[in-house]
Amino acid sequence: MEKKRTHAKPPRPLPAVPGAVPDHPHSGQEENGEPRSLAGLRVSEERYWAEFYEDPDICYEWNDGTLEEKPLPDYEQVLLYGWFQQLLRCFLTVHPIAKLLYLEMGVRFQLPRKTAIRKPDLFVVRHDNPLPLGNNDRSYRGICDLCVESLSDSNKKEIERDTKQKKGEYEAAGVHEYYILDARGAYTTFLQRTPRGVYVPIIPDQGVIRSTSLPGFQFRIIDLYHQPSLLALSADEVYQGFVLPEYQQEKARADLEKARADRLAAKLRELGIDETTL
């Protein structure tokens, strides 16, 4: 007698995850060896912190419930970013008044009409900030003293995210200074927040930008594009207050010794003595 065929029951669907969008066209699976971006996906803040904040493949920010992908820079932007970061590190080594953060650390901005989690390319939190940054913190929920973005310029939307959207967010949040670094120079901007809570351009002093959130930190705008070496900067009066001070002291000592030796040699020659015979 022929046995009656049975069909396996389909597996029960998994319970929905809060904030998830079912059957999203981008699953996050790799395609042709590249991970798919989930930018545009609506997720809760809780799910963002749990699943997307430390994504190993794609750097996500969170804008009031929507994932946004932080674009990758080109080589020119990397060089400019690296030079400016090095300059800030030099300053904070000599004047340790703040912590410099990077490496995709997130900052949660509670704004009047929304919440956003951004990952500034660089940001600074002073030690006297009302909410200091702890050594073991993996994110920051206070108001940064300085935020720096290396301009994402692959398309108009990316440009406006840095020049308009983030500018508005940082201004509303109370970030004291906001710098936009553009390797092409078209959108490079230096802003400071007034007591009325609005950003105004920092007026260069003979081509030099002087920070108010980090007193003593200064740089020539043109140097952002020429990117002189630290040795060259240490001989420049704009940077002498914080770039390679130990080298400057050693060089000054060596120059003094050389000047002293030159005077002694000249005196010996006046006396008719050949210093090479001594």
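Our subject in this report is the structure included herewith. (Residues numbered from 1 in each chain as written. Predicted model: local features only at pLDDT ≥ 70, side-chain atom pairs only at ≥ 80, totals over all residues. Heavy atoms only, no water.)

**A few points about the overall build of the protein chain**
Definition in use: A run of DSSP states H or I qualifies as a helix once it reaches four residues; a run of E qualifies as a strand once it reaches two. Both are numbered from the N-terminal end. Burial classes: relative accessible area under 20% of the type maximum marks a residue as buried, over 50% as exposed, and values in between as partly exposed (1.4 Å probe, protein chains only). We get accessible surface area from the Shrake-Rupley algorithm with a probe of 1.4 Å; when it comes to residues, only the shown protein chains can shield them.
The helix and strand tally for the protein chain stands at six helices and 15 strands. Counting all 278 residues of the protein chain, 39% fall into the buried class. If you sum the accessible surface of the protein chain, you get close to 17,100 Å²; carbon and sulfur atoms cover 53% of it.

**Some thoughts on a nonpolar patch on the surface**
The test is simple: Residues form patches when they are more than 30% accessible in relative terms and have no salt bridge. Like charges link within 9 Å. Nonpolar side chains (Val, Leu, Ile, Met, Phe, Trp, Tyr) link within 5 Å. The salt bridge definition used is simple: a Lys or Arg side-chain nitrogen within 4 Å of an Asp or Glu carboxyl oxygen.
On the surface, a nonpolar cluster with roughly 300 Å² of combined accessible area is contributed by Tyr75, Val78 and Leu79. Accessibility expressed as a relative area gives 61% for Tyr75, which makes it exposed.

**Quick notes on the packing of aromatic side chains**
Formally: Whether two aromatic rings pair depends on their centres lying within 6.5 Å, for rings of Phe, Tyr and Trp, where Trp uses its six-membered ring; planes under 30 degrees apart make the pair stacked, over 60 edge-to-face, and the rest tilted.
The final tally for this structure, using the stated rule, is 19 aromatic pairs. Their ring planes at 65° and their centres at 5.6 Å tell us that Tyr48 and Trp49 sit as a pair that is edge-to-face. A relative accessible area of 0% means that Tyr48 is categorised as buried. Each member of the aromatic cluster is reached from another via a ring pair, and the members are Phe84, Phe91, Tyr179, Phe190, Phe217, Phe219, Tyr239 and Phe242.

**Structural notes on the sheet that holds strand E8 (residues 122–126)**
Let me state the cut-off plainly: In short, DSSP must find at least two bridges between two strands for them to pair. Helix axes are fitted to C-alpha atoms over the stretch in contact, other axes to C-alpha atoms as well, and angles between N-to-C directions run from 0 to 180 degrees. Throughout, a contact is declared for two residues whenever any of their heavy atoms are within 4.5 Å.
Judged by pairing direction, the sheet is mixed, and its six strands sit side by side in the order E5-E8-E10-E11-E12-E13 without closing on themselves. Each edge of the open sheet carries a strand with a single partner, namely strand E5 (98–101) and strand E13 (199–201). When the angles between neighbouring strand axes are averaged without regard to direction, this sheet yields 20°. Relative to E8, E5 runs antiparallel, the two being bridged by four bridges. When the bridges of E8 are listed, Ala98 appears paired with Arg126. The strands touched by helix H2 (residues 75–94) are E5, E8, strand E10 (146–150) and strand E11 (177–181); relative to E5, the strand with the most contacts, the crossing angle is about 160°. This element, helix H3 (residues 156–173), spans E10, E11, strand E12 (189–193) and E13 of the sheet and lies at about 165° to E11.

**Some words on the pairing of E8**
Counting buried residues in E8 gives five out of five residues, a clear majority hidden from the surface. Residues Leu122, Val124 and Arg126 of E8 are buried on one face, and the alternating residues Phe123 and Val125, pointing to the opposite face, are buried as well. With three bridges connecting them, E8 and E10 associate as antiparallel partners. The residue of E10 that forms the bridge with Val124 is Leu146.

**Regarding H3**
Under the convention used in this document: In this scheme, a helix's expected span is set at 1.5 Å multiplied by one less than its residue total. The angle separating two fitted axes, one through the seven residues that finish at a residue and one through the seven that start at it, defines the bend at that residue. Any pair of nitrogen or oxygen atoms within 3.5 Å is treated as a polar contact; in protein, a donor-acceptor pairing is required on top of that, and neighbouring residues in sequence qualify only through side-chain atoms on both sides.
An ideal rise of 1.5 Å per residue puts 26 Å on 18 residues; H3 measures up with 24 Å between its terminal C-alpha atoms. At Lys166, H3 is deflected by roughly 35°, the largest bend along its length. Residues of H3 that are buried include every one of Glu158, Ile159, Arg161, Asp162, Thr163, Lys166, Glu169, Tyr170 and Ala173, and no others. N-capping of H3 is provided by Asn155, with a side-chain oxygen placed 3.1 Å from the backbone N of Lys157. Just downstream of H3, Gly174 is the residue with a positive phi angle, here 105°.

**Some points on the nonpolar core**
The test is simple: Residues belong to one nonpolar core when they are buried, are Ala, Val, Leu, Ile, Met, Phe, Trp, Tyr or Cys, and are joined through side-chain atoms within 4.5 Å.
Tyr48, Phe52, Leu67 and Phe123 are the most contacted members of the largest nonpolar core, which totals 31 residues. Listed by contribution, the elements that provide at least two residues to this core are helix H1 (45–52), strand E3 (60–63), strand E6 (106–110), E8, H3 and E11. In terms of residues, this core owes the most to one element, H3, which gives three residues. Setting aside its immediate chain neighbours within four residues, Phe52 contacts Leu38, Leu41, Val43, Arg47, Tyr60 and Leu67.

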